[in-house]
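Okay, here's what each chain looks like letter by letter:
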Amino acid sequence: MEDPVVPRIAVIATPGMGHLIPLVEFARRLVLRHNFSVTILIPTDRSPVTPQISFLKTLPTSINHVFLPPVSFDDLPDDVTVEFRISLIITRSLPALRDSLRELTESTRLVALVADLFAADAFDVAREFGIPQYIFFSATAMALSLFFHLPELDRRFSCEYRDLPEPVKLPGCLPVQGRDLFDPIQDRKDETYKWMLHLAKRYKTASGIMVNSFMDIESGAFKALKEGQPDYPPVYPVGPLTRSCSTNGDDGSECLRWLDLQPSGSVLFVSFGSAGTLSQPQLTELAFGLEMSGQRFLWVAKSPHEKAANASYFSAQTKENPLDFLPVGFLERTNGLGLVVPSWAPQVQVLGHGSTGGFLTHCGWNSTLETIVQGVPIIAWPLFAEQKMNAVLLADDLKAALKINNDDGLVSREEIAKTVKRLIEGEEGKRLRNKMKELSGSAALALSENGSSTLSFAEVAQIWEDNMKA
């Protein structure tokens, strides 16, 4: 039976492991540190996938989850963007969400609703029940700043942002080239762009926004957001909220045993996250580039996709065996030098292993934070979403990563081999390693008992406790 003294938070997730993971870690911290209960409501258009189920099984008893009834997309063409598909999943799930919130308000002390950054359309339903609405923003403060400034950019410029002659200057941030702004706004005629503008306006109606980042890596952006326009909601840096271990129904022991046999700091970990995919030509170039580098590697390979860099966003897995798409003889030639695993590896444990000396990553923000926490230097190879902006933050602002040159679309094997050797063998790699160790210390400090993110998190929790007493 529900303890009437314990306040409850409703969390609205969106499909995709990249968004579910940080929301769950936020919920976990809330119940373990601040004595709340949490219900995670997950809209979907299909049955839950194995990675979701495995991950949700790790929740403590104070967190329960509900998969809302799947919505139908029979009326949609196949080529709609991931972001627009998410928007429709949320709006078409609002009736089911209303039923869930009604049940929670009748049976618990529901004090707030926390929406994923793509789920702000749930605000209207929360208002019907008088529930304060918050956003958990699982990306950077720089990306949040872009959201707030998007309506102004829309008014100022008529061209596509990728064609802007000058970089975009967001308050407190390094200037960003228009082509590096997040993907969903790069086609202003698309419905996805209109939805992003709609979200930007919704954000200003939130009671507060919690950002999964921390002051030491984005002090300028956070300062500008806190001192921003009068209509900005309060912004709270609460990160880095990351997994303590990776789970997928597989303990990943093969990877870890192989790493145990490698010299300290000698292995490049290669992974493009739960959603990232490469084309067949790019997969081939990556394979040859790793081979040419002569460096040890652990590569999480996925089967290729010719049209979308985020083809496994909703499934987090590939249906075909990725090893079948590697160059003929590659596995035999690199036997002993590298290990290729299909679709998944225990990323947190790999990054924390002493043999791991670098991470070639798509720069998804979850992966980036996990890397910072472990102090592992990065090769930045952004694919989609806001990842180009993350690469700018890492390489150009923090000076903590090498960027792959992919201006021509296809990254050559020569470019890959050269960059890998620079990171693992070169003086630049040593400098980056030292910088990442420094950032790792800052991350630990932010989450310490009196750290900036801990105090910021506690400030939000206190507001919610006060709501219960009101």
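Coordinates for the structure precede this section.
All values reported here derive from a predicted model rather than from experimental measurement.

**What about the side chain of E160?**
Here is step 1 of the chain: Considering the arrangement of structural elements, one finds E160 in the loop between α6 (141-156) and α7 (191-203).
Here is step 2 of the chain: Classification of E160 as buried rests on a relative accessible area of 13%.
Here is step 3 of the chain: Apart from residues lying up to four places away in sequence, E160 is in contact with Q186, D187, R188 and K189.

**Details of the nonpolar core**
Here is step 1 of the chain: With 80 residues, the main nonpolar core has F137 and Y203 as its most contacted residues.
Here is step 2 of the chain: With nine residues, α6 is the largest single contributor of residues to this core.
Here is step 3 of the chain: Excluding its chain neighbours within four sequence positions, the residues that come into contact with Y203 are L117, A120, I135, F137, L144, F147, F148, I209 and P233.
Here is step 4 of the chain: Within the second largest apolar cluster, 34 residues are counted, among which are L59, Y134, F136 and Y236.

**A word on the packing of aromatic side chains**
Here is step 1 of the chain: In this structure the tally under the stated criterion is 16 aromatic pairs.
Here is step 2 of the chain: Ring geometry for F26 and W464: centres 6.4 Å apart, planes at 90°, overall edge-to-face. A residue pair is termed long-range when its members are at least 10 positions apart, and F26 in helix α1 (residues 17-34) and W464 in helix α17 (residues 452-469) qualify at 438 residues.
Here is step 3 of the chain: Look at W464 and you get buried, because its relative accessible area is 1%.
Here is step 4 of the chain: Their ring planes at 20° and their centres at 5.0 Å tell us that F269 and F359 sit as a pair that is stacked. With F269 in strand β8 (residues 267-271) and F359 in strand β11 (residues 356-361), this residue pair connects regions lying 90 residues apart in the sequence.

**Side note on helix α4 (residues 94-107)**
Here is step 1 of the chain: A rise of 1.5 Å per residue sets the reference length of α4, with its 14 residues, at 20 Å; its end C-alpha atoms lie 20 Å apart and thus fit the reference within 8%.
Here is step 2 of the chain: Looking only at α4, the buried set comprises L94, A96, L97, S100, L101 and L104. All buried residues of α4 project into a common sector of 150° when viewed along the axis, lining one side. The outward face of α4, more than 90 degrees from its buried face, is lined by the exposed residues E103 and E106.

The rules behind the values
Just so you know, the residues in each chain are numbered from 1, in the order the chain's sequence is written. Only residues with pLDDT of 70 or above have their local features reported here, since the model is predicted, and side-chain atom pairs are shown and tallied only from 80 upward, although totals for entire chains, interfaces and linings are computed over all residues. Note that the side-chain values use all heavy atoms of the structure and ignore hydrogens as well as water. Helix and strand definitions here come from DSSP, where helices need a minimum of 4 consecutive H or I residues and strands a minimum of 2 consecutive E residues; each element is numbered from the N-terminal end. Burial classes follow relative accessibility: with a 1.4 Å probe on protein chains only, a residue under 20% of its type's maximum area counts as buried, one over 50% as exposed, and anything between as partly exposed. Every residue pair with non-hydrogen atoms within 4.5 Å of one another is taken to be in contact. As used in this record, nonpolar core signifies buried Ala, Val, Leu, Ile, Met, Phe, Trp, Tyr and Cys residues forming a set joined through side-chain atoms within 4.5 Å. When the centres of two rings from Phe, Tyr and Trp lie within 6.5 Å, Trp using its six-membered ring, the rings pair. Their planes under 30 degrees apart give stacked, over 60 give edge-to-face, and anything left gives tilted. Expected span, for any helix, means 1.5 Å times one less than how many residues it has. The arc in question is the one spanned by the directions pointing from the helix axis to the C-beta atoms.

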